[in-house]
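Coordinate analysis (summary)
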Amino acid sequence: MQPSKERESSEDDPLDGVDDLLDDDLAGDDADPSTDSDTAAADPDATTGSDVTGDGPGRVGVDGRWFSLRSFLLAVLAIGAGTFLGGLIPLIGGTIGAVGGVLLGAFLVGLSLSSRNYVETGIAGAGVGAGSALTSVLGVGFLPIGLDYLGEWGLPLLAAGGGIGLILGLVGHYLGRDLRAGVAGELPD
């Protein structure tokens, strides 16, 4: 539950400007800095470019600001392909190749897309990491032994694979965006 903006503000309240800062951060990069803050407080959709009817870009959807389905599908494809190709590397394939594939796929997503897609890449990395952990257990040895092991240790294995995939997806996406910003930025004089 969010605190009401209609409460009285005092001069010594250190959290007085936090709501305005959060509104500016949630508005995204397309907010107009010349917009009056009182107008933004009265109508939060005025600064985001979306309207109540749903004609403008939403926060979640095919091309949402917070979660984009297109970016998520691209991240799943890139990370999945990186994991598959990383597993094919001789002598270091398997787990190490899959981990490197998640990192490489997320790096390529961060390098290729101009927008920040940490949520999409993190969720895709977690999903692919968890799936890779499960398939690596089922691919070892005899299937009934793998199913027995999966029944006993399946949930911790999913959590570990998903957690590692999430971290590697976020780190790879950050490194890709960092390289993109460095290559696209201007050189200092």
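Provided above is the structure to which this section pertains.
On a predicted model such as this, the values are computed, not experimentally measured, just so you know.

It is worth spelling out the overall build of the protein at this point. The number of helices and strands found in the protein is six helices and two strands. Along the chain direction, N to C, the helices and strands of the protein fall in the order α-α-β-β-α-α-α-α. Counting only residues that meet the buried cut, the protein has 24% of its 189 residues in that class. For the protein, contacts bridging at least 24 residues in sequence account for 59% of all contacts bridging at least 6. Of the roughly 12,600 Å² that the protein leaves accessible, carbon and sulfur atoms contribute 65%.

On to the environment of Phe107. For Phe107, the location among the structural elements is in helix H4 (residues 95–112). In this structure Phe107 comes out as partly exposed when scored by relative accessible area, which is 23%. Between the C-alpha atoms of Phe107 and Ala78, which are 29 residues apart in sequence, the distance is 9.3 Å.

So, on to the packing of helix H5 (residues 118–138) against helix H6 (residues 143–184). Taken N-terminus to C-terminus, the directions of H5 and H6 make an angle of 150 degrees; their axes are 5 Å apart at the nearest point. Relative to H6, the element H5 is oriented roughly antiparallel. As H5 runs across H6, the sense of the crossing is right-handed. Residue composition of the contact of H5 with H6, grouped by class: 17 nonpolar, ten polar and one charged.

The next thing to look at is the environment of Ser71. Looking at the element boundaries, Ser71 is found in helix H3 (residues 69–87). With relative accessibility at 12%, the residue Ser71 sits in the buried group. Sequence-wise, Ser71 and Ala124 are 53 residues apart; in three dimensions their C-alpha atoms are separated by 9.9 Å. Setting aside its immediate chain neighbours within four residues, Ser71 contacts Leu113, Asn117 and Glu120. In terms of polar contacts, Ser71 uses its side chain to reach the side chain of Asn117, at 2.7 Å.

Let us now look at a nonpolar patch on the surface. Nonpolar side chains collect at one region of the surface, where Leu103, Ile167, Val171, Tyr174 and Leu175 lie side by side and expose about 440 Å² of accessible area between them. By the element assignment, Leu103 lies in helix H4. Leu103 gets classed as partly exposed once you look at its relative accessible area, which sits at 31%.

With that out of the way, let us pick up the packing of H3 against H5. At a closest axis distance of 8 Å, the pairing of H3 and H5 adopts a crossing angle of 40 degrees. The hand of the H3/H5 crossing is right-handed. Seen from H3, the contacting residues are Ser71, Phe72, Ala75, Val76, Ile79, Gly80 and Thr83; seen from H5, they are Glu120, Thr121, Ile123, Ala124, Gly125, Val128 and Ser132. Counted by class, the contact of H3 with H5 contains seven nonpolar, six polar and one charged residues.

With that out of the way, let us pick up H6. Between the first and last C-alpha of H6 there are merely 50 Å, a value that for 42 residues lags more than 12% behind the 62 Å anticipated at 1.5 Å per step. Buried within H6 we find Gly146, Gly154, Gly161, Gly162, Gly165, Leu168, Gly169, Gly172, His173 and Gly176.

Attention now goes to the side chain of Asn117. One can find Asn117 in the loop between H4 and H5. Judged by its relative accessible area of 3%, Asn117 falls in the buried class. Not counting chain neighbours up to four residues away, the residues in contact with Asn117 comprise Ser71 and His173.

Moving on, we come to the environment of Gly93. One can find Gly93 in the loop between H3 and H4. Apart from residues no more than four positions distant in its own chain, Gly93 is found in contact with Gly86 and Gly87.

About the thresholds
- Residues numbered from 1 in each chain as written.
- Predicted model: local features only at pLDDT ≥ 70, side-chain atom pairs only at ≥ 80, totals over all residues.
- Heavy atoms only, no water.
- Helix = DSSP H or I, 4+ residues; strand = E, 2+ residues; numbered from the N terminus.
- Buried < 20%, exposed > 50% of the residue type's maximum accessible area, 1.4 Å probe, protein only.
- Contact = heavy atoms within 4.5 Å.
- Areas by Shrake-Rupley, 256 points an atom, 1.4 Å probe, with all protein chains shown as cover.
- Axes fitted to C-alpha atoms, helices over the stretch in contact; angles between N-to-C directions.
- Parallel < 35°, antiparallel > 145°, perpendicular 65-115°, else oblique.
- Left-handed = near helix turned anticlockwise from the far one by under 90°.
- Nonpolar A, V, L, I, M, F, W, Y, C, P; charged D, E, K, R; others polar.
- Polar contact = N/O pair within 3.5 Å; in protein donor to acceptor, adjacent residues only side chain to side chain.
- Patch = residues over 30% accessible without salt bridge, like charges linked within 9 Å, V, L, I, M, F, W, Y side chains within 5 Å.
- Salt bridge = Lys/Arg side-chain N within 4 Å of Asp/Glu carboxyl O.
- Expected span 1.5 Å × (residues − 1).

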